[in-house]
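Single-letter residue listing:
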Amino acid sequence: MRKMKKLAAFLLAAVMMLSLVACGSSNDGDGSGDGSGDGSKTYKIALLIPYLGDQSYYDTTAVGLDDLKAEYDNVETVVIEMGTDKSKYNDYFDDVCSSAQYDLVVSGGSDAEEALYAACENYPDQVFMNFDYTGEPPANCYAVTYSTADEGYVAGYLASLVTTSDMEKANPDKKVGVIVGMDIPSMNDFIGGFCQICTEMGVQVYIGYPESFTDTAKTKELALEMYNQGVDVIWQVAGSAGTGVFEAAAQADKYSFGVDSDQTLSIADESLTATIVTSFYKDCGSAIFGAVELLMEGNFPVGTAATLGLAEDAVGLINNEQYQTMAPEEIRTQVEEQIAKVKNGEIEVYSVKADPDSWESVKAAATAPVA
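Residues numbered from 1 in each chain as written. Predicted model: local features only at pLDDT ≥ 70, side-chain atom pairs only at ≥ 80, totals over all residues. Heavy atoms only, no water.

Trainee: Before we move on, could you go through the state of the cysteines and cite the residues and values that matter?
Mentor: Under the criterion given, the structure shown has zero disulfides. Between cysteine 97, a cysteine without a disulfide, and cysteine 120, which holds the nearest cysteine sulfur, the sulfur-to-sulfur distance is 7.9 Å. Among the cysteines around cysteine 141, which has no disulfide bond, cysteine 120 carries the closest sulfur, lying 4.3 Å off. (Disulfide = S-S within 2.5 Å.)

Trainee: An account of the pairing of strand β5 (residues 141–146) is needed here, citing residue identities and associated values.
Mentor: A regular strand carries its side chains on alternate faces of the sheet. Taking burial as the measure, the six residues of β5 include six buried ones, the bulk of the element. Along β5, one buried face is formed by Cys141, Ala143 and Thr145 and the opposite face, lined by Tyr142, Val144 and Tyr146, is buried too. Summarising the sheet, strand β4 (residues 128–130) and β5 pair through three bridges and their orientation is parallel. From the neighbouring strand, asparagine 130 faces β5, where its bridge partner is alanine 143. As judged from the four bridges shared by β5 and strand β11 (residues 305–308), these two strands associate in the parallel manner. Looking at the pairing, threonine 145 lines up with threonine 307 of β11. (Buried < 20%, exposed > 50% of the residue type's maximum accessible area, 1.4 Å probe, protein only. Helix = DSSP H or I, 4+ residues; strand = E, 2+ residues; numbered from the N terminus. Pairing = 2+ DSSP bridges.)

Trainee: I'd like a rundown of the sheet that holds strand β7 (residues 204–208), residues and numbers included.
Mentor: With respect to topology, six strands assemble into an open sheet ordered β7-β6-β8-β9-β10-β12, the strand pairing being mixed. Taken across any chain shown, the strands that pair with only one partner, and hence form the sheet edges, are β7 and β12 (315–317). Neighbour to neighbour, the strand axes of the sheet diverge by 20° on average, direction disregarded. Here four bridges tie strand β9 (residues 255–259) to strand β10 (residues 276–282), and the two strands are oriented parallel to one another. In the sheet register, serine 256 faces β10, and the bridge partner there is isoleucine 276. On the sheet, helix α6 (residues 185–200) packs against β6 (175–180), β7, β8 (233–237) and β10 and is oriented at approximately 170° with respect to β6. (Axes fitted to C-alpha atoms, helices over the stretch in contact; angles between N-to-C directions. Contact = heavy atoms within 4.5 Å.)

Trainee: Let's hear about helix α8 (residues 243–252): which residues, and what values?
Mentor: Turning to α8, its buried residues number three or more, namely Thr243, Gly244, Val245, Phe246, Ala248 and Ala249. Directly beyond the C-terminal end of α8, a positive phi value near 60° is found at aspartate 253.

Trainee: Got a sec to walk through the environment of valine 292? Specific residues and values, please.
Mentor: Secondary-structure assignment places valine 292 in helix α11 (residues 284–297). Residue class for valine 292 comes out buried when judged on its relative accessible area of 0%. Here the alpha-carbon distance between valine 292 and valine 106, two residues 186 residues apart in the chain, equals 9.9 Å.

Trainee: I'd like a rundown of helix α5 (residues 148–163), residues and numbers included.
Mentor: Compared with the 22 Å implied by 1.5 Å per residue over 16 residues, the 22 Å span of α5 between its first and last C-alpha is a close match. The element α5 is extensively covered by neighbouring structure, given that 16 of its 16 residues are classed as buried. (Expected span 1.5 Å × (residues − 1).)

Trainee: Describe the packing of α6 against helix α14 (residues 359–367), with residues and values.
Mentor: Contact pair α6 / α14: the axes reach a minimum separation of 9 Å and the direction vectors enclose 50°. Classed by the angle they form, the pair α6 and α14 counts as oblique. The chirality of how α6 crosses α14 is left-handed. Contacts between α6 and α14 involve Asn188, Ile191, Gly192, Cys195, Gln196 and Thr199 from the first element and Trp359, Val362, Ala365 and Ala366 from the second. Grouping the amino acids of the contact of α6 with α14 by side-chain chemistry returns six nonpolar, four polar and no charged. (Parallel < 35°, antiparallel > 145°, perpendicular 65-115°, else oblique. Left-handed = near helix turned anticlockwise from the far one by under 90°. Nonpolar A, V, L, I, M, F, W, Y, C, P; charged D, E, K, R; others polar.)

Trainee: Could you give an account of the side chain of serine 147, naming the residues involved and the relevant values?
Mentor: Here serine 147 lies in the loop between β5 and α5. Exposure remark for serine 147: the relative accessible area of 15% places this residue in the buried category. Setting aside its immediate chain neighbours within four residues, serine 147 contacts Thr307, Leu308, Gly309 and Val315.

Trainee: Which residues make up the pattern of salt bridges, and what values go with them?
Mentor: Going through the model one piece at a time under the given rule, you end up with eight salt bridges. Residues lysine 282 and aspartate 132 are paired through a salt bridge, measuring 2.9 Å at the closest nitrogen-oxygen approach. Taken together, the positions of lysine 282 in strand β10 and aspartate 132 in the loop between β4 and β5 put the pair 150 residues apart, joining distant regions of the chain. The partner of lysine 218 in a salt bridge is glutamate 221, with the nearest N and O atoms 4.0 Å apart. On the criterion of helical spacing, the pair formed by lysine 218 and glutamate 221 is a turn pair, its members being three residues apart in helix α7 (residues 216–228). Its relative accessible area of 29% is what places lysine 218 among the partly exposed residues. (Salt bridge = Lys/Arg side-chain N within 4 Å of Asp/Glu carboxyl O.)

Trainee: So what's going on with the nonpolar core? Residues and values would help.
Mentor: One finds Met129, Phe131, Phe194, Trp235 and Val335 to be the most contacted residues of the largest nonpolar core, which totals 78 residues. Here phenylalanine 131 is in contact with Leu47, Ile49, Tyr57, Thr61, Val106, Ser107, Gly108, Gly109, Val144, Tyr146, Cys284 and Ile288, once residues within four sequence places are set aside. One finds Ala46, Phe93, Cys97 and Ala112 within the second-largest nonpolar core, a separate group that totals 20 residues. (Core = buried A, V, L, I, M, F, W, Y, C linked by side-chain atoms within 4.5 Å.)

Trainee: Outline the sheet that holds strand β2 (residues 75–81), supporting the account with residue identities and numerical values.
Mentor: Judged by pairing direction, the sheet is parallel, and its six strands sit side by side in the order β2-β1-β3-β4-β5-β11 without closing on themselves. Edge positions in the sheet fall to β2 and β11, since each has one partner strand and no second. Adjacent strand axes in the sheet meet at a mean angle of 20°, parallel and antiparallel pairs treated alike.

Keep in mind that these numbers describe shape and distance, not what the molecule does.
Have a look at this one:
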């Protein structure tokens, strides 16, 4: 809960700064800026996502709603699973928005953003949140995105420490891997910082693209190939297809990293979770939690966007018992120190989104054999 409160405090500070810049603007009664949060009011929140059970990205959004209901008696939530047929998404949004019963409609991500922003235009009196945006928000929508570059940087730093350590399953080769669902800019942003720090630490990166977030067999095939070439640890950034990485790690007796949530909890097979040193998260649930708190306070920042990263604890690694057991204390301390350097601005993390023109050269440097 401390992390969620920190996010909410950051968002509130951002709202206050925007208010100073745009002083004199009026409130139209949509609850976005009058500061008159009403504890007696029941707030109804609708979350529209393709599906639950992806063991990472979408599941984290539902966790945010669960935490809201646990914290506040006056919050009611509903999760609407729209499926994978995007042609039907507009109908789902129409059903929710035309009912005029929700104080906030939440959706987002590359799959749903087009339908979400169409609904923003069609229902100007409805307040929306995009929990992971790629395009700038309309006037009745608040959007957040996450520094996946920060997330990848930490993953790459830990991977480099693992492969250069004397950990039981690490060989003398300085090789690590990452499997990314699709070769697109938004996904490559996860591994820009990963490649940056691995290159700096003299570690070779193997990159695989199954071009799917569901093809477990293809992901396992790519992962086994990497392990057979001397890779010690692979970070999966491929949604539910990433289970193939854990299967390959178990078969090859190697290490793996999870993504988006604590995957030692979301994967049922203990032989697979035993390979996971830690998972690296993008906390959409906490962002939703903080945004709803702003809504209840009357400070919901429609028409604005925010980027949340390591400094806001919106991305990072899962510091659970398994991580503390598998990663030596010296390595864990080094990771904490490196995170602190990113937070205080001592280290500038490379982002594919911010500098796409440099990506090919960054990738080439990281994937080149190490002398």
